[in-house]
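Commentary on secondary and tertiary structure
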Amino acid sequence: MIHFVGAGCGAPDLITVRGMHLLEKADVIIYAGSLVNPELLNYAKADCQVYNSAVMTLEEVLAVMVEAEQEGKDVVRLHTGEPSIYGAVQEQMQELDAKKIAYDSTPGVSACFGAAAAMNLEYTLPDISQSLIITRMEGRTAVPEKESIEAFAAHQCSMAIYLSTGMLEKLSERLIKGGYSKDTTAALAYKVSWPEEEIYICTVETLAQTAAEHGITKTALVLVGDVINKSGYSKSRLYAEDFSTEFRAAKNHKKAERKCSH
């Protein structure tokens, strides 16, 4: 069995309990060495074979999986964050399907959620934003034209922008062109949950300047949106006194009923 496991955003105790147990039982671990915290390998048993996929091709990764499967070994393919987001897992799964090799997936904590936790931030505040867009700038890998930064910026909701730290000047220009004001609050979240974590609040216009001032050139997430201000929002209706749910009657409604009975 091949287990695709999300390592989480960095801290070794932010992996799921299921993911930790799979690491403990694995005979072979193939981990994304360029991004996954190596401390997670401390969960592995002493005789586990460990491979760093940062120096491997897709074909080499698959060859390790196939050999382990033939030998009846359990494999953990350890991806950074949440594998379903920029994890390049589908191409591996399709090859395993073709070879009739069984696999399953265990989710992880993506960087945008690690950043929200570090900042005590809620991406969906009533009257401010009810949506979170997760995207990236096109670089060596293209992005569909309909998913351009400008197209998403037009919504002016919360955004988490991955894999774009080296293009911040261009990113700012495109965010502003798309619809955000230059003064819209933004944040740079560097290596969230790692010991080296750094988070800086700035504006859409000053993203590149902020990164330069703090020497941030990679491994950072860009957050954009008024939710970062934590102000100007309405309270949740779910907990309002005059709001009924399946589990709680509206208190104001009960008061009105008592007045009518008198």
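The numbering scheme is per chain: residues are counted from 1 as the chain's sequence reads. Reporting in this predicted model follows two pLDDT cut-offs: at least 70 for local features of residues, and 80 or more for side-chain atom pairs to be given and counted; totals over whole chains, interfaces and linings ignore these cut-offs and use all residues. By convention in this description, side-chain values take in all heavy atoms of the structure and omit both hydrogens and water.

1. Thoughts on the sheet that holds strand β4 (residues 75–79)
Taken in spatial order, the five strands of this open sheet run β3-β2-β4-β1-β5, and their pairing is parallel. Edge positions in the sheet fall to β3 (49–52) and β5 (103–106), since each of these pairs with one other strand and no more. Within the sheet, the average angular offset between the axes of one strand and its neighbour, ignoring direction, is 20 degrees. Strand direction decides the pairing type here: strand β1 (residues 2–6) and β4, joined by five bridges, are parallel. By the bridge assignment for β4, V5 is matched with L78. At least two DSSP bridges between two strands are required for those strands to pair. Numbering of helices and strands starts at the N terminus; helices are DSSP runs of H or I of at least 4 residues and strands are runs of E of at least 2. Orientation is described by axes fitted as lines to C-alpha atoms, over the contacting stretch for helices, and by angles from 0 to 180 degrees between their N-to-C directions.

2. Remarks on the pairing of strand β7 (residues 158–162)
For the exposure calls, accessible area comes from a 1.4 Å probe over protein chains only, and a residue counts as buried if that area is under 20% of its type's maximum, exposed if over 50%, partly exposed in between. Burial of β7 is extensive: five of the five residues sit out of reach of the surface. On β7, burial covers both faces: S158, A160 and Y162 on one face and M159 and I161 on the other are all buried. As judged from the five bridges shared by strand β6 (residues 132–136) and β7, these two strands associate in the parallel manner. Residue pairing across strands places R136 opposite Y162, the latter belonging to β7. Note: β7 against strand β10 (residues 220–224), three bridges, orientation antiparallel.

3. Notes on the sheet that holds strand β9 (residues 198–203)
Pairing is mixed across the open sheet formed by five strands, whose spatial order is β6-β7-β10-β8-β9. The open sheet has two free edges, formed respectively by β6 and β9, since each of these has just one partner strand. Sheet twist, expressed as the average angle between the axes of neighbouring strands with direction ignored, equals 20 degrees. Bridge analysis of strand β8 (residues 185–190) against β9 gives six bridges, and the strand direction is antiparallel. Among the inter-strand pairings, A187 is bridged to a residue of β9, identified as I201. Contacts between residues were defined by any pair of non-hydrogen atoms, one from each residue, lying within 4.5 Å. Seen against the sheet, helix α4 (residues 111–119) touches β6, β7, β8, β9 and β10 and runs at an angle of roughly 70 degrees to β10.

4. Describing the side chain of S53
Its place among the elements puts S53 in the loop between β3 and α2 (58–70). Engagement of the side chain of S53 in a polar contact is seen with the side chain of R77, the distance being 3.2 Å. With residues near it in sequence (within four places) discarded, S53 still touches I30, Y31, A32, G33, V61 and R77. Any N or O atom pair separated by 3.5 Å or less is treated as a polar contact, with the protein-specific requirement of one donor-capable and one acceptor-capable atom, and with residues adjacent in sequence counted only for side-chain atom pairs.

5. Points about the environment of P83
Of note, P83 is situated in the loop between β4 and α3 (90–98). A relative accessible area of 8% means that P83 is categorised as buried. Taking the C-alpha atoms as reference, P83 lies 22 Å from I149; in sequence the two are 66 residues apart. Excluding residues within four positions of it along the chain, P83 makes contact with V5, G6, V89, T106 and G108.

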